[in-house]
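Residue-level listing of the chains:
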Amino acid sequence: MKVLLQRCKNASVTVDGEITGSIGHGYLLLVGITSTDSEKEINYLTDKIAGLRLFEDAEGKMNHSIVETGGSILSVSQFTLYADTRKGRRPSFIDAARPEIAKSLWELFNDKLREKGFVVETGIFGAMMDVTFTNDGPVTIMLEA
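These numbers come from a predicted model, not from an experiment.

### A closer look at the pairing of strand β6 (residues 72-77)
Here is the key point about a regular strand: its side chains alternate between the two faces of the sheet. Burial runs high along β6: six of the six residues are buried. Covered by surrounding structure in β6 are S72, L74 and V76 together with I73, S75 and S77, the residues of both alternating faces. In the sheet, strand β3 (residues 26-32) pairs with β6 via six bridges, with the strands oriented parallel. If you follow L28 over to β6, its bridge partner there is L74. With three bridges joining them, β6 and strand β7 (residues 120-122) adopt parallel strand pairing. In the sheet register, I73 faces β7, and the bridge partner there is V120.

### Some words on the packing of aromatic side chains
Two aromatic rings are characterised by how far apart their centres lie and by the angle between their planes. Enumeration according to the criterion identifies three aromatic pairs in this entry. Between the aromatic rings of Y27 and F55, the centroid separation amounts to 5.5 Å while the plane-to-plane angle is 25°, which identifies the pairing as stacked. With a gap of 28 residues between them, Y27 in strand β3 and F55 in strand β4 (residues 53-56) connect regions that are remote in the sequence. Plain terms: the ring middles of W106 and F125 are 6.0 Å apart, the flat faces sit at 40° to each other, and that makes the pair tilted. Residue W106 is found in helix α3 (residues 99-115), and its partner F125 is found in the loop between β7 and β8 (130-144); the two are separated by 19 residues along the sequence. The ring of Y82 carries the charged tip of K2 above its face, separated from the ring centre by 4.7 Å. Its end group placed over the ring of F55, R7 keeps NZ or CZ at 5.8 Å from the ring centre.

Conventions adopted
Numbering of residues starts from 1 in every chain and runs along the sequence as written. At least 70 in pLDDT is required for a residue's local features to be given in this predicted model, at least 80 for side-chain atom pairs to be given and counted, and no such filter applies to totals for whole chains, interfaces and linings, which use all residues. Note that the side-chain values use all heavy atoms of the structure and ignore hydrogens as well as water. Residue burial is assigned from relative accessible area. The probe radius is 1.4 Å, only protein chains are included, and a residue is buried under 20% of its type maximum, exposed over 50%, and partly exposed in between. Going along the chain from the N terminus, every DSSP run of H or I of four or more residues is numbered as a helix, and every run of E of two or more is numbered as a strand. DSSP calls a pair of strands paired once it identifies at least 2 bridges connecting them. Note on ring pairs: Phe, Tyr and Trp rings are taken, using the six-membered ring of Trp, and paired if centres are within 6.5 Å. Classes follow the plane angle, with under 30 degrees stacked, over 60 edge-to-face and the rest tilted. We call a charge positioned above a ring when the Lys NZ or Arg CZ atom is no farther than 6 Å from the ring centre and deviates by at most 35 degrees from the ring normal.

Pasting the structure below:
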């Protein structure tokens, strides 16, 4: 499982001209799921996301977690995180989980974040989405389990 975490000042996702999810400050999470992922990887990453200290304190050091700052999360399913570009010019996505598996695991991932007390907005699984955000910092971190 891969999560590209981007600390943001705001973020939103639009499908067919309609906003499906929107947050103020917090994290935009692009979530990629592979065929071997399970609840174990989800638990590891949701704990990691909740505990990371990526927000500045009064001295400008990253000492506060999203829990401490009251941030929200925008979660977007992103199978292209598993693109294999080693051969040719067209990426292969063979390592990405099949949609029926990935959707249920992505929904479980979002539910686990909600259980931790986060407001979690989402895109729509499998849809063509326009994602807009203001990266804060910029801070962008790749998490893997």
